[in-house]
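Here are the chains, one letter per residue:
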Amino acid sequence: MLDFTSAALFLATFLGVYYWFWRPKKFPPGPRGIPILGVVPFLGKWPERVIQGWCKKYGPVVSVRMGREDWVVLNDFESLNQCFVKQHTKFSGRPYFEALDNLTHGLGLTFSDYGPLWKSQRKFGQKTLRGFGVGRKGMENSVTEEVTCFLKSVQATEGKAFDIKDLLQQSSCNVISSIVMGKRYEYNDDTLRRLVKIFSDVFDGAFENFALQAIMFAPKLIHVYPISRFYEELKQNFKYLSDISSEAITEHEKTFDKENPRDFIDAFLNDMKEGSDKSFKVEQLRGYLRDIFEAGTETTSSTINWSLICLLHYPEIQTKLREEIRKVVGLSSTVKMSHRRDMPYMNAFIQEIMRFRTFTPFAFHHKTSQDAEINGYFIPKDTTVLPNIWAVHNDPNYWNEPEKFKPERFIDEKGNFFKSEHVIPFSVGPRHCLGEQLARMEIFIFLVSMIQRFEFLPDPESKFPELNDGSNGSLFIPYPYKLICQEI
Ligand code: HEM
């Protein structure tokens, strides 16, 4: 009996150890961590930095054991370019997360896997959002209209210290709402407040961040308190978004005029009515609207917020930017996108803020849809692959003093701005951010308009805002702080 028990124990231990150390042949190297959890307990608050540190031992393509799965992390520009651009047909899938799929049903764009639905929907999104093509007003007008309302609200603070975060989020959400649904909300309108809260809770709350990651790894946790409460709220929020979208779609259907498309919903209804592509259906449109709202609100507003914190830390940069704005746009004229080419320092500032405060450290999960190879390593089909965008932006082999904020690094000896292909906040390849052009436009128009009219000063009565710390989850977001906007 004892012999049988010992043999069983020995076999179980052998199988456990074998399972733990087994990897597909030529799989990228990396730490295995501890049984069951893998490397998860070692990642801490700054996983992108910890993993970059492992590259010294393993090279830029590192495998990490996340719970029971082996993921691959790409930590330099060359490997990212090799995978997401040159081998994009193999690296553009999305992994399946049961708990999220129960909410999205694979509809929309962000969570849909690489395949015919994603391809035709992505093509539609690009065509519709491209340039100034959406609706009568066009994207630039929508952004400019929103900025006008935003500036009035900032002016109303009369130089008193306040937290600008809510206002930035509400404006970004309004820009999306104008473009996709043709309407904006008054600030502090209950619907707008609720929408913004939905997006900021998911990305900003420490517990919410943890809970989101946890249910991706272990979907059964949705039944365990307090994660069950979080998941229930997530479900309610998805339902709320779906209800808002349904209402807007019904209104659009009633007033639809084929000759006169007003916004994203009209463009989608038009393709749906043509009926040649069956992926154009109302449930898909609802998912698409949810994804665009979710992807486009917190992202842009936090980038502008990081920029303001930077201006408080570097008043001399603020002055230099204002001088350029005065020269190119003037003191009271409305800024246009066409001004951008004459503003090298503003372009350099924006590119540097996107590098320095990498806001999406790991972009979003990709999955291999076929077996693939990189740097002589083998990556089997269905492996989760993460781009470490932070590591690309802080690669000591490429950047001189990457830890320093220096817009000048993007100005050449003739004083011209140059765009760096190594600054990739929107990721690369066909799966890169759908809203890149809109986000760049919003950031430029908001920042120029704000710096043109206000001087930004720290609040002497509250803590000076952190530039090197913030809430770091799927997004890197500034901690709350107050600033003074002094009208010029
Ligand atoms: C500073 C602002 C923004 C940043 C830094 C950003 C960054 C990103 C990143 C890193 C991804 C993942 C790319 C990948 O999977 O490799 C992404 C995806 C996406 N973004 Fe953005 N984004 C921003 C603003 C926006 C805006 C304003 C919109 C609204 C249209 C938007 C819509 C999307 C969508 C729909 C996807 C999913 C694309 C797909 O799966 O095909 N983003 N974004």
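Scoring rules and cut-offs
- Residues numbered from 1 in each chain as written.
- Predicted model: local features only at pLDDT ≥ 70, side-chain atom pairs only at ≥ 80, totals over all residues.
- UniProt positions renumbered as here; feature names shortened; annotations may be inferred.
- Helix = DSSP H or I, 4+ residues; strand = E, 2+ residues; numbered from the N terminus.
- Rg over C-alpha atoms; globule rule 2.2 N^0.38 Å.
- Buried ≥ 20, exposed ≤ 12 C-beta atoms within 10 Å, placed from the backbone.
- Contact = placed C-beta atoms within 7 Å.
- Near = placed C-beta within 6 Å.
- Nonpolar A, V, L, I, M, F, W, Y, C, P; charged D, E, K, R; others polar.
- Arc of directions from axis to C-beta.
- Expected span 1.5 Å × (residues − 1).
- Pairing = 2+ DSSP bridges.
- Axes fitted to C-alpha atoms, helices over the stretch in contact; angles between N-to-C directions.
- Parallel < 35°, antiparallel > 145°, perpendicular 65-115°, else oblique.
- Left-handed = near helix turned anticlockwise from the far one by under 90°.
- Core = buried A, V, L, I, M, F, W, Y, C linked by C-beta atoms within 7 Å.

Named according to an unreviewed UniProt entry, the protein chain is Cytochrome P450 originating from Clavelina lepadiformis. Recorded in UniProt under Cofactor (unreviewed entry), the annotation for the protein chain is "heme".

Asks: Can you explain the overall build of the protein chain? Please cite residues and give values.
Replies: In terms of regular secondary structure, the protein chain is built from 17 helices and 10 strands. Compactness check: the protein chain gives a C-alpha radius of gyration of 24 Å against a globular reference of 23 Å for 488 residues, within 12% of the reference. Principal-axis analysis of the C-alpha atoms gives the protein chain an extent of 90 × 55 × 45 Å. Counting the 488 residues in the protein chain, one finds 42% classified as buried. In the protein chain, once contacts between residues fewer than 6 apart in sequence are set aside, the share between residues at least 24 apart is 72%.

Asks: Mind laying out the site of the ligand, listing which residues take part and the relevant values?
Replies: Around the ligand sit 24 residues in total, of which Ala295, Gly296, Ser427, Cys433 and Gly435 are the nearest. At the level of secondary structure, the elements contributing two or more residues to the shell around the ligand comprise helix 13 (282-313) and helix 17 (436-453). When residues of the shell around the ligand are assigned to their parent elements, the largest contribution, 7 residues, is made by helix 13. The residue makeup of the shell around the ligand, split by class, is 12 nonpolar, 9 polar and 3 charged.

Asks: I'd like to hear about helix 3 (residues 77-86), residue by residue, with values.
Replies: Of the residues making up helix 3, those classed as buried are Phe77, Ser79, Leu80, Cys83 and Phe84. Angularly, the buried residues of helix 3 cover 160 degrees about the axis, an arc narrow enough to put them on a single face. Considering only its buried residues, helix 3 is in contact with strand 1 (61-66), strand 2 (69-74), helix 4 (88-91), strand 4 (372-374), strand 6 (384-387) and helix 16 (389-393).

Asks: Provide a residue-level description of helix 2 (residues 47-58), including the pertinent values.
Replies: Look at helix 2: 16 Å from first C-alpha to last across 12 residues, which is about the 16 Å you get at 1.5 Å a residue. Within the span of helix 2, buried status applies to Pro47, Glu48, Ile51 and Gln52. Buried residues of helix 2 fall within an arc of 135 degrees about the axis and therefore sit on the same side. Exposed residues pointing more than 90 degrees away from the buried face of helix 2 are listed as Gly53, Lys56 and Lys57.

Asks: How would you explain the pairing of strand 2 if you had to name every residue and give the values?
Replies: In terms of residue burial, strand 2 counts as a mostly covered element, since 5 of its 6 residues are buried. In this sheet, strand 2 lies alongside strand 1 in antiparallel orientation, the contact comprising 6 bridges. When the bridges of strand 2 are listed, Val61 appears paired with Leu74. Joining the antiparallel neighbours strand 1 and strand 2 is a turn of 2 residues, in which Gly67 adopts a positive phi near 60 degrees. Here strand 2 pairs with strand 6 via 3 bridges, running parallel.

Asks: Lay out the environment of Val180 with the relevant residues and their values.
Replies: Tracing the sequence through the fold places Val180 in helix 8 (residues 165-181). The class of Val180 is buried, set by 26 C-beta atoms lying within 10 Å. Residues Val180 and Asp266 lie 86 residues apart in sequence; the distance between their C-alpha atoms is 8.6 Å. Look past the residues within four positions of Val180 in its chain and what remains in contact with it is Asp263, Phe264, Ile265, Leu289 and Ile292.

Asks: Requested: an account of the sheet that holds strand 1, with residues and values cited.
Replies: Across the sheet, which stays open at both edges, the 4 strands sit in the order 1-2-6-3 with mixed pairing between neighbours. Every other strand in the sheet has two partners, leaving strand 1 and strand 3 (366-367) as the edge strands with one partner each. Examined bridge by bridge, strand 3 and strand 6 share 2 bridges and lie antiparallel to one another. The partner of Lys367 across the bridge, within strand 6, is Thr384.

Asks: Explain the packing of helix 8 against helix 13 to me, using residue names and the numbers behind them.
Replies: Each packed pair of helices is defined by two parameters, the angle between the axes and the distance between the axes. Contact geometry of helix 8 with helix 13 gives a least axis separation of 8 Å together with a crossing angle of 140 degrees. With respect to their mutual orientation, helix 8 and helix 13 come out oblique. Considering only the axes of helix 8 and helix 13, their crossing is right-handed. Residues Lys165, Leu168, Gln169, Ser172, Cys173, Ile176 and Val180 of helix 8 pack against Leu289, Ile292, Phe293, Gly296, Thr297, Glu298, Thr300, Ser301, Ile304 and Asn305 of helix 13. Of the residues contributing to the contact of helix 8 with helix 13, the split by class is 8 nonpolar, 7 polar and 2 charged.

Asks: Account for the packing of helix 7 (residues 138-155) against helix 17, with residues named and values stated.
Replies: At a minimum axis distance of 10 Å, the contact between helix 7 and helix 17 shows a crossing angle of 35 degrees. The handedness of the crossing between helix 7 and helix 17 is right-handed. Between helix 7 and helix 17, the contacting residues are Met139, Glu140, Val143, Thr144, Val147 and Leu151 on the first element and Leu438, Met441, Glu442, Ile445, Phe446, Ser449 and Arg453 on the second. Here the residues of the contact of helix 7 with helix 17 are counted per class, giving 8 nonpolar, 2 polar and 3 charged.

Asks: Describe in detail the nonpolar core, supporting the description with residues and values.
Replies: Core analysis: the biggest nonpolar cluster contains 110 residues, and Val73, Val180, Ile445, Leu447 and Val448 have the highest contact counts within it. With 12 residues, helix 13 is the single largest residue contributor to this core.

Asks: Hey, could you go over the environment of Ala348 for me, with residue numbers and the actual values?
Replies: Along the chain, Ala348 falls in helix 15 (residues 344-356). Along the backbone, Ala348 and Glu408 are 60 residues apart, and their C-alpha atoms lie at a distance of 6.8 Å. Contact partners of Ala348, with chain neighbours within four places excluded, come to Pro407, Glu408, Phe410, Ile411 and Phe417.

Asks: An account of the environment of Gly125 is requested, with residue identities and associated values reported.
Replies: Inspection of the secondary structure puts Gly125 in helix 6 (residues 116-129). The exposure class assigned to Gly125 is partly exposed, which follows from the 19 C-beta atoms found within 10 Å. With 163 residues separating them in the primary sequence, Gly125 and Tyr288 have C-alpha atoms 9.0 Å apart. Beyond its immediate chain neighbours, meaning those up to four positions away, Gly125 contacts Leu109 and Leu434.

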